[in-house]
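Next come the chains, spelled out residue by residue.
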Amino acid sequence: GSLDITSTGAIKRVKAEKKMAGYEAYAANGIWYDMLEDLSDKIDSNPDDKELRKERGDLFKQVGLQEAAQYELGITQG
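Let us look at the structure shown here.

In this section: the packing of helix 3 (residues 50-62) against helix 4 (residues 66-77). Between helix 3 and helix 4, whose axes approach to 8 Å, the crossing angle comes to 160°. When the axes of helix 3 and helix 4 are compared, the pair comes out roughly antiparallel. You can see that helix 3 and helix 4 cross each other, and the crossing is left-handed. When helix 3 is examined against helix 4, the residues Lys-50, Arg-53, Lys-54, Arg-56, Gly-57, Asp-58, Phe-60 and Lys-61 are found in contact with a partner set consisting of Gln-66, Ala-68, Ala-69, Glu-72, Leu-73, Ile-75 and Thr-76. Classifying every residue of the contact of helix 3 with helix 4 gives 5 nonpolar, 3 polar and 7 charged.

It is worth spelling out helix 4 at this point. Between its terminal C-alpha atoms helix 4 stretches 16 Å, which fits the 16 Å expected from 12 residues at 1.5 Å a residue. By the burial criterion, the buried members of helix 4 are Ala-69, Glu-72, Leu-73 and Thr-76. Projection of helix 4 onto a plane perpendicular to its axis shows the buried side chains occupying an angular sector of 95°, all on one side. Opposite the packed face of helix 4, turned more than 90 degrees from it, sit the exposed residues Glu-67, Gln-70 and Tyr-71. Those residues of helix 4 hidden inside the fold are in contact with helix 3.

Here helix 2 (residues 32-45) contains 14 residues, and its C-alpha end-to-end distance of 20 Å stays within 8% of the 20 Å for a straight helix at 1.5 Å per residue. Taken together, the buried positions of helix 2 are Trp-32, Met-35, Leu-36, Leu-39, Ser-40 and Ile-43. Summarising the axial view, the buried residues of helix 2 lie within an arc of 130°, below the 170-degree limit, and thus occupy one face. Residues of helix 2 that are exposed and point over 90 degrees away from its buried face: Glu-37, Asp-44 and Ser-45.

Cut-offs used in this document
Residues numbered from 1 in each chain as written. Predicted model: local features only at pLDDT ≥ 70, side-chain atom pairs only at ≥ 80, totals over all residues. Heavy atoms only, no water. Axes fitted to C-alpha atoms, helices over the stretch in contact; angles between N-to-C directions. Helix = DSSP H or I, 4+ residues; strand = E, 2+ residues; numbered from the N terminus. Parallel < 35°, antiparallel > 145°, perpendicular 65-115°, else oblique. Left-handed = near helix turned anticlockwise from the far one by under 90°. Contact = heavy atoms within 4.5 Å. Nonpolar A, V, L, I, M, F, W, Y, C, P; charged D, E, K, R; others polar. Expected span 1.5 Å × (residues − 1). Buried < 20%, exposed > 50% of the residue type's maximum accessible area, 1.4 Å probe, protein only. Arc of directions from axis to C-beta.

Structure (structure tokens):
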């Protein structure tokens, strides 16, 4: 079937804590979209990096995007 996706949201700027680094820091601060964008940019630069794709699949899973997660995780197993 068709995917009718609707989203609403707001952007909130937060000051990053220096002690936090990497994707866990983004997730811990709830900055899901920033994390997705950063990860997607890295995947665009390294399309064969299965670990990056697995991380993006796990990210999709966190918010219930099961089809997207299965697609990414399927690539990593291929």
